[in-house]
Amino acid sequence: MKGDDSSKITHKIARAKREGRVWWSFEYFPPRTPQGMQNLYDRIERMSQLGPEFVDITWNAGGRTSDMTTQLVKTVHAYFGVETCMHLTCTNMPRSKIEVALREAKEFGCRNVLALRGDPPACGSPWEPHAAGFSHAYELVQYIREHYGDYFTIAVAGFPEGHPEATGGPDVEMQHLKQKIDAGADFIFTQMFYDLDAFVSWSRRVRATGITVPIVPGVMPIQNYGQFTRAVARFQAFVPPHFHEALDPVKDDDEQVRVVGTRLVGDMCRQMLAHPDLDVHGLHIYTMNLERGSRMLLEYLGLTPSVNQLNPLPWRPSLTPKRRDENIRPIFWANRAKSYVNRTDGWDEYPNGRWGDARSPAFGDLGTMEPNLPVTQDEARALWGTPTSVEDLQRLFVRFCAGELASLPWSDAPIAKETKTIDQLLVQLNERGFLTINSQPAVDGAPSTDPVHGWGPPHGYVYQKAYLEFFVSTHKLDELIARIEAHPQITYHAVNAQGDMRTNTTSDAPNAVTWGCFPHCEILQPTIVESMSFLAWKDEAFQIGRCWAAQYEPDSPTRRLLEHVFDTYFLVNVVHNDFKRPHAIFEPFLTA
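Values in this document were obtained by computation on a predicted structure and should not be read as measured data.

Parameters and conventions
Residues take numbers from 1 onward in each chain, read along the sequence in its written order. A pLDDT threshold of at least 70 governs which residues receive local features in this predicted model, and a stricter bar of 80 or more applies before side-chain atom pairs are shown or counted, although totals over entire chains, interfaces and linings include all residues. The side-chain quantities take in all heavy atoms of the structure and omit both hydrogens and water. Put simply, DSSP marks the helices as runs of H or I at least four residues long and the strands as runs of E at least two long, and each gets a number from the N terminus on. A simple rule labels every residue: compare its accessible area, found with a 1.4 Å probe on the protein chains alone, to the largest value its type can have, and call it buried under 20%, exposed over 50%, or partly exposed in between. Residue contacts follow a heavy-atom distance rule, with two residues in contact if any of their heavy atoms lie within 4.5 Å. Residue-level accessible areas treat just the shown protein chains as cover; the underlying method is Shrake-Rupley with a 1.4 Å probe. In this charge count, Lys and Arg are treated as positive and Asp and Glu as negative; neither His nor the chain ends contribute. Here the site of a charge means NZ on Lys, CZ on Arg, CG on Asp, or CD on Glu. Lines fitted to C-alpha atoms define the axes here, with helix axes fitted over just the stretch in contact, and angles between the N-to-C directions of these axes take values from 0 to 180 degrees. Angle categories: roughly parallel below 35 degrees, roughly antiparallel above 145, roughly perpendicular from 65 to 115, and oblique for all the rest. Here a crossing is called left-handed whenever its near helix is offset anticlockwise from the far helix by less than a right angle, and right-handed whenever the offset is clockwise. Under the convention adopted here, Pro, Cys and the residues Ala, Val, Leu, Ile, Met, Phe, Trp and Tyr are nonpolar, Asp, Glu, Lys and Arg are charged, and Gly plus all remaining residues are polar. Strand pairing requires that DSSP identify at least two bridges connecting the strands.

S.K.: Is there a simple way to explain the overall build of the chain in this structure?
M.R.: Secondary structure summary: the chain contains 21 helices and 18 strands in total. A buried classification covers 55% of the 592 residues belonging to the chain. Restricting the contact set of the chain to residue pairs at least 6 apart, pairs at least 24 apart contribute 73%. A total accessible area of about 25500 Å² is found for the chain, and carbon and sulfur atoms account for 50% of it. Treating the 58 positive side-chain charges of the chain as one cloud and the 72 negative ones as another, the clouds have centres 2 Å apart.

Quick look at the structure:
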């Protein structure tokens, strides 16, 4: 299967050029420890909101971190919805190991590979080819083309200031680069540099050699003075005098180094993007697994992603091969997308266009998923304290809705931007004993580019029905249901931990609660409320509550309170189907 070529970096570069916009990408390397890996996952997820076209995952000499590299590729595709480019080196790599890496990359949906000879495996040791491997990057390019055709876009490395081990001079090195292109490479990533004149001169020689593929310049933000000097020494990069003149006086002040370094690198990038002799429309940022320098550089350059780049759907789509066409999900997992992906990983097909036959596969068994909290036990107690009464719980949920609390057990992140449009109404609900864990406001035809509610392609309009989901005691639920009878446009489902269901819906058909209308496109309805999936979600929702209770000592007042709540309360979802009345959903809650 060839796959969707839009996931190839060359297609992304060409599209950005047609649209007249600058693009950017980030490079990460696999950390050495499990905790470091988890922290990197969190960082990549946050930095995905900066709008990179793709992320690049490095590969250590000999594939020492190969398992972590392929796991990073899989995770970024499945959970973060960002395209990846996977490094692959010749160093200490037999062909059998290269084949495994390529097969796994394809399995995980990666369409882009950076083919490298690689650095020597140990400091000071000369580079030596593996007996069953390759001696040169062009041989690796040939191998990929021979075995995978045009499935992968292949990148190769370019060195504007010369390869550190080069011995034959610039002309010989340029012929080596052309050999890699002639073998089938599609574009060039450059080594980092700070000398714009060297990059311009090298680019002209590349074009004079007959190489026409895109050149992607690699830039490294200056995070601190020590890291800057180590990187310069490692890559033997020339630093123009004005860099030293600006950085040396502040080298002992990390904050000032970042500010000054951002200006220096940012000005170089501006000149590069505007240079008449260069066909450069994007930047590849070597992050060194750090966030702040990359964020500051993009802010300095005034580069912000479009709504469609960040939100092609109201939720982040998965990019694994079998899920790429998935465009409908139940709303219940809005704050736990990773859990939803895991629960449905075994499905043979995914909803596309309408939620129909895809309902037949069973959600994964909750017992194999082991819902957990987004924090450690100590962090849980620090965040949520030791509530001993229902009123304490209500105050906790009020604080979250008011933006004073970073997370709740059912949500890894603070309230969304759109939730802030109804936050005071949610505060009132929680003060009355309706413990909200999910919601969305009504939206009547907001532009798809709206910074709060927008998603999907430009020049469209998006709509939402108001939605609420909460835990509530049985007697409050009885009172609420009685009041809902006066609101025929409200539908609800309520279920307790034992599976006792109450609802006023008359059909098992899904209820679309988000949809959009776009030029040259059918109406999309990517978010739904549906009975069967709600029953699957309720097991997880109550189990999360029990996990929270387990953070406290047995027989402690807090544990008894939480166990009582999640043994006796109902989980309820409510939809107001008149999206033209933005706050009507709150009427039966607040008029009692």
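On we go.
S.K.: Would you take a moment to explain unusual backbone geometry for this structure?
M.R.: With glycine set apart, most residues show a phi of negative sign, and most peptide bonds adopt trans. One non-glycine residue with positive phi stands out, namely Gln236, at about 50°. The residue Gln236 is located in the loop between α8 (225-235) and α9 (241-247) in this model. Under the relative-accessibility criterion, Gln236 is labelled exposed at 54%. Positive phi is not limited to glycine here, since Asp555 has a value of about 70°.

S.K.: Honestly, helix α11 (residues 292-301) in this entry has me stumped. Any pointers?
M.R.: Since the α-helix advances by 3.6 residues per turn, residues separated by three or four positions end up pointing in the same direction. Listed as buried for α11 are Gly293, Ser294, Met296, Leu297, Leu298 and Leu301. Where α11 is buried, its residues touch β1 (23-28), α2 (34-47), β7 (215-219), α10 (254-274) and β8 (282-286). Backbone geometry just downstream of α11 places Gly302 in the positive-phi region, at approximately 70°.

S.K.: Just to check I follow, could you spell out the packing of helix α4 (residues 95-107) against helix α5 (residues 137-148) for this structure?
M.R.: Angle between the axes and distance between the axes: these two values describe a pair of packed helices. At their nearest, the axes of α4 and α5 sit 12 Å apart, and the two run at 55° to each other. Considered as vectors, α4 and α5 are oriented oblique to each other. Along this stretch, α4 crosses α5, giving a crossing that reads as right-handed. When α4 is examined against α5, the residues Arg95, Ile98, Glu99, Leu102, Arg103 and Lys106 are found in contact with a partner set consisting of Leu140, Tyr143, Ile144 and Tyr148. Counted by class, the contact of α4 with α5 contains six nonpolar, no polar and four charged residues.

S.K.: Where do I start with the pairing of β1 in this structure?
M.R.: The two faces of the sheet receive side chains in turn, since in a regular strand these alternate between them. Extensive coverage of β1 is indicated by the burial of six of its six residues. Alternating residues of β1 divide into Trp23, Ser25 and Glu27 and Trp24, Phe26 and Tyr28, and every residue in both groups is buried. Pairing of β1 with β8 involves five bridges; the strand directions are parallel. Bridge assignment links Glu27 to a residue of β8, and that residue is Tyr286. Judged from the three bridges that link them, β1 and strand β2 (residues 55-57) form a sheet pairing that is parallel. Within β2, the position partnered with Glu27 by the bridge is Asp56.

S.K.: It is not clear to me how the pairing of strand β5 (residues 153-158) should be interpreted in this structure. Could you clarify?
M.R.: For β5, a buried count of six out of six residues is recorded, marking the element as mostly surrounded by other parts of the structure. Across the two faces of β5 the burial is the same, with Thr153, Ala155 and Ala157 and Ile154, Val156 and Gly158 all buried. For strand β4 (residues 112-116) and β5, the ladder comprises three bridges, and the chain directions are parallel. Opposite Asn112, over in β5, you have Thr153 as the bridge partner. Across four bridges, the pairing between β5 and strand β6 (residues 187-192) is parallel.

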